[in-house]
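Below, each chain spelled out in residue letters.
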Amino acid sequence: MAAWQHSAMLLSAQDRSSTLSFEFPLSRNAALDRLATFVPKAGRSYAEGRNSDAGPGRHQAVSRLSSALRRRLISEEEVARAVVAAHGSQAAAKFLQELFWRTYWKGWMEQHPAVWRAWRRDCDHRSKDLPAGYDVAVTGRTGIDAFDAWVRELRETGYLHNWARMQFASIWIFTLGLPWELGAAFTFAHLVDADPASNTLSWRWVAGLHTQGKVYLASAERIRLHTGGRFDPQGLATHADVPRETPAPDIVPLRTFDRPDLHAPTLLLLTPEDLSLEMEPMLASLHVRRVVACRRLCSGAADIAAVADGLQRASSHWQAAAAWVDDLEAAAALAASEGCSQIVTGYAPVGPIADALAAHRSSTSMRIAEHCRGWDARAWPHSRKGYFAFAKCIPDLLLAAGITNGDTD
Ligand SMILES: Cc1cc2nc3c(=O)[nH]c(=O)nc-3n(C[C@H](O)[C@H](O)[C@H](O)COP(=O)(O)OP(=O)(O)OC[C@H]3O[C@@H](n4cnc5c(N)ncnc54)[C@H](O)[C@@H]3O)c2cc1C
């Protein structure tokens, strides 16, 4: 990570610490409470209200579950199950479609990991010589009222409404003429739900790099309408030039990985990629001797809070002592000293944690096995093309998860 990204992350973590856990669930109980409050609104009310940005502290029309879903304090499957139980899959179709975007982006990135690597390289390169207009943009001094307000909201709360994220990215790229890569780095550093796949690929989608010939151009009129007249942005681009880049790399097969040996003495490693492994029936009989988390695999206050919650639950579920260690070397050393023959962790999709695990694997003899949830394993093979094709599989995915029974409702 470049130094500027790191300091932005630390700064934003401090700035946000007071609002973080209040608005955005960072423990499993808080996520379950939020889900229970939101479920009644997940049907028609969500479909009608989801594109209105009411402003900071007023985003009740949407779930604000992303901080928890991103870390799997609660799973997509649990959320889908609760919503379908309350509304049926037809009435909740819009919400389910949005929920599945996360799954789709992760699966697409798994099969195009070069996109992640290219973005990281590009950010490192560009941050050495930031373009004119960058500072004005990231400090919210462009004079475009909506954009400047969203910069403030993002910095102060760590969140932007999905619709606002789309306008924000579009203005960044097409009106301010700034590289999408730096915009993605800015939101990644500040979002409480920062996610390698959803963030990088959503920026590419807005830029017109995901679906050929399709860009997202923000319009002043729509912004006035969807923000209840709070903003009257001037000077927005009326034409979009799709950024030029080398052709997207070819699709690669889904990564193969070691699966947990359920009988082997195990050190369970919790990372912000999956913090409710105790809910996975397949892992119920895992022979866990210690539960650990690595500070180096956490990227700010939100990760630390969520992982601490995960450690507590895992420790009590498997009746094993929990500990924080600095890094993967320390985790492997602890595993060896406890007589464990494997480290088991939740599957790490493309991103910094997968990168760290891959680097560590090449230098250790300790086996690192990953548990991939059925939800992902079933959906990702369908995440090869556009979302339209993927969405056609949603009814089958819900059926396979036992959330629907195949009857139309
Ligand atoms: C430029 C840009 C950057 C983004 N960066 C991130 C990011 O770093 N991390 C992240 O989690 N989401 C990202 N998103 C997706 C989306 O904006 C957030 O997931 C959503 O706003 C979270 O708020 P919510 O939980 O209230 O969403 P709700 O509207 O309540 O949706 C419920 C859940 O569905 C999923 N979801 C909804 N919309 C999307 C979407 N467009 N893409 C992927 N998943 C979706 C999320 O898990 C969300 O929590 C980005 C979108 C854009 C346009």
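About the criteria used
- Residues numbered from 1 in each chain as written.
- Predicted model: local features only at pLDDT ≥ 70, side-chain atom pairs only at ≥ 80, totals over all residues.
- Heavy atoms only, no water.
- Helix = DSSP H or I, 4+ residues; strand = E, 2+ residues; numbered from the N terminus.
- Rg over C-alpha atoms; globule rule 2.2 N^0.38 Å.
- Buried < 20%, exposed > 50% of the residue type's maximum accessible area, 1.4 Å probe, protein only.
- Contact = heavy atoms within 4.5 Å.
- Areas by Shrake-Rupley, 256 points an atom, 1.4 Å probe, with all protein chains shown as cover.
- Lys, Arg positive; Asp, Glu negative; His and termini not counted.
- Charge placed at Lys NZ, Arg CZ, Asp CG, Glu CD.
- Core = buried A, V, L, I, M, F, W, Y, C linked by side-chain atoms within 4.5 Å.
- Phe/Tyr/Trp six-rings, centres within 6.5 Å; stacked < 30°, edge-to-face > 60°.
- Lys NZ or Arg CZ within 6 Å of the ring centre and 35° of its normal.
- Salt bridge = Lys/Arg side-chain N within 4 Å of Asp/Glu carboxyl O.
- Pairing = 2+ DSSP bridges.
- Axes fitted to C-alpha atoms, helices over the stretch in contact; angles between N-to-C directions.
- Right-handed = clockwise from strand over helix to strand, strands pointing away.
- 1 Å grid on protein atoms, 1.4 Å probe; cavity = no way out; pocket = protein on both sides within 12 Å on 5 of 7 lines; lining within 4 Å.
- Points joined across faces, edges and corners; volume = space filled by probe spheres on them.
- Nonpolar A, V, L, I, M, F, W, Y, C, P; charged D, E, K, R; others polar.

Enquirer: I tried to follow the overall build of the protein chain on my own but got confused; where do I start?
Expert: Scanning the protein chain for helices and strands turns up 19 helices and five strands. For 409 residues, the compact-globule formula gives about 22 Å, and the C-alpha radius of gyration of the protein chain, at 21 Å, lands near that figure. In terms of overall dimensions, the protein chain has a C-alpha envelope of 65 × 55 × 45 Å along the principal axes. Burial analysis of the protein chain (409 residues in total) assigns 56% to the buried set. Relative to all contacts within the protein chain whose residues are 6 or more apart in sequence, the contacts with residues 24 or more apart total 76%. By element, 53% of the accessible surface of the protein chain is carried by carbon and sulfur atoms, the whole surface being about 17,600 Å². If the 44 positive side-chain charges of the protein chain are averaged to one point and the 44 negative ones to another, these points end up 1 Å apart.

Enquirer: Explanation requested: the nonpolar core in the structure shown.
Expert: For soluble globular proteins, the rule of thumb is that nonpolar side chains tend to be buried together. Of all hydrophobic cores here, the largest spans 107 residues; its most connected members are Val 79, Trp 150, Phe 168, Trp 172, Ile 223 and Leu 268. Take this core: its biggest share by element is nine residues, from helix H10 (residues 162-175). Residues contacting Phe 168, with those up to four places away along its chain left out, are Phe 147, Trp 150, Val 151, Leu 160, Phe 186, Thr 187 and Trp 203. Formed by 20 residues, the second largest nonpolar core is a distinct cluster that contains Cys 294, Leu 328, Ala 331 and Ala 348.

Enquirer: Explain the packing of aromatic side chains here, please?
Expert: Aromatic ring pairs are reported here in terms of the distance separating the ring centres and the angle at which the planes meet. Scanning the model with the defined rule gives 27 aromatic pairs in all. Here Trp 172 and Trp 203 contribute two aromatic rings whose centre-to-centre distance is 6.0 Å and whose plane-to-plane angle is 85°, an arrangement assigned as edge-to-face. Residue Trp 172 is found in helix H10, and its partner Trp 203 is found in helix H12 (residues 196-207); the two are separated by 31 residues along the sequence. For the pair shown, Trp 172 and Trp 203 are each scored as buried. Between the aromatic rings of Trp 205 and Tyr 216, the centroid separation amounts to 6.1 Å while the plane-to-plane angle is 25°, which identifies the pairing as stacked. Here the residue Trp 205 occupies a position in helix H12, and Tyr 216 occupies one in the loop between H12 and helix H13 (220-226), the gap between them amounting to 11 residues. Here the two residues Trp 205 and Tyr 216 agree in accessibility, since each one is buried. Three or more aromatic residues joined by ring pairs form one cluster here, namely Phe 100, Trp 101, Tyr 104, Trp 105, Trp 375, Tyr 387 and Phe 390. Sitting over the face of the ring of Tyr 159, Arg 165 holds its NZ or CZ atom 5.3 Å from the ring centroid.

Enquirer: Before we go on, may I ask you to explain the pattern of salt bridges in this structure?
Expert: Oppositely charged side chains may form a pair once their charged atoms are brought near each other. Here the structure, examined in full by the defined rule, presents 25 salt bridges. For Asp 53, the salt bridge is made with Arg 230, and the minimal N-O distance between the two is 3.5 Å. Taken together, the residues span a long stretch of sequence, with Asp 53 in the loop between helix H3 (44-49) and helix H4 (66-70) and Arg 230 in the loop between H13 and strand E1 (266-270) at a distance of 177 residues. We classify Asp 53 as buried; its relative accessible area is 2%. In this structure, the salt-bridge partner of Glu 76 is Arg 72, at a minimum N-O distance of 2.9 Å. For the pair Glu 76 and Arg 72, one class covers both residues: buried. Each of Arg 70, Asp 195 and Glu 273 takes part in one network of salt bridges that share partners.

Enquirer: Explain the environment of Thr 256 here, please?
Expert: When you line up the elements, Thr 256 lands in the loop between H13 and E1. Through-space distance from the C-alpha of Thr 256 to that of Pro 196 is 20 Å; in sequence the pair is 60 residues apart.

Enquirer: Before we go on, may I ask you to explain the sheet that holds strand E5 (residues 367-371) in this structure?
Expert: The pairing of strands in a sheet happens through backbone hydrogen bonds and is either parallel or antiparallel. One open sheet holds the five strands; their spatial order is E3-E2-E1-E4-E5, and the pairing between them is parallel. The open sheet is flanked by strand E3 (321-325) and E5, the only strands paired with a single partner. Geometrically, the sheet is characterised by an average inter-axis angle of 30° between neighbouring strands, direction not taken into account. Where E1 meets strand E2 (residues 288-294), five bridges bridge the pair, whose relative direction is parallel. From the neighbouring strand, Leu 267 faces E2, where its bridge partner is Arg 290.

Enquirer: Where do I start with the pairing of E3 in this structure?
Expert: On a regular strand, each side chain points to the face opposite its neighbour's, so the side chains alternate between the two faces of the sheet. Bridge count between E2 and E3: five bridges; the pairing is parallel. Within E3, the residue paired with Cys 294 across the bridge is Val 325. Crossover connection from E2 via helix H14 (residues 301-318) to parallel E3: handedness right-handed.

Enquirer: Can you help me understand empty space enclosed by the protein in this one?
Expert: Gaps between atoms show up when a probe of the same size as a water molecule is rolled over them. Summed over all chains, the structure comprises two cavities of 30 Å³ or more. Its boundaries defined by the atoms lining it, the second largest cavity holds a volume of some 30 Å³. Lining the second largest cavity we find Arg 70, Lys 106, Asp 195, Pro 196, Ala 197, Glu 273, Pro 349 and Val 350. Per-class residue counts for the lining of the second largest cavity are four nonpolar, no polar and four charged.

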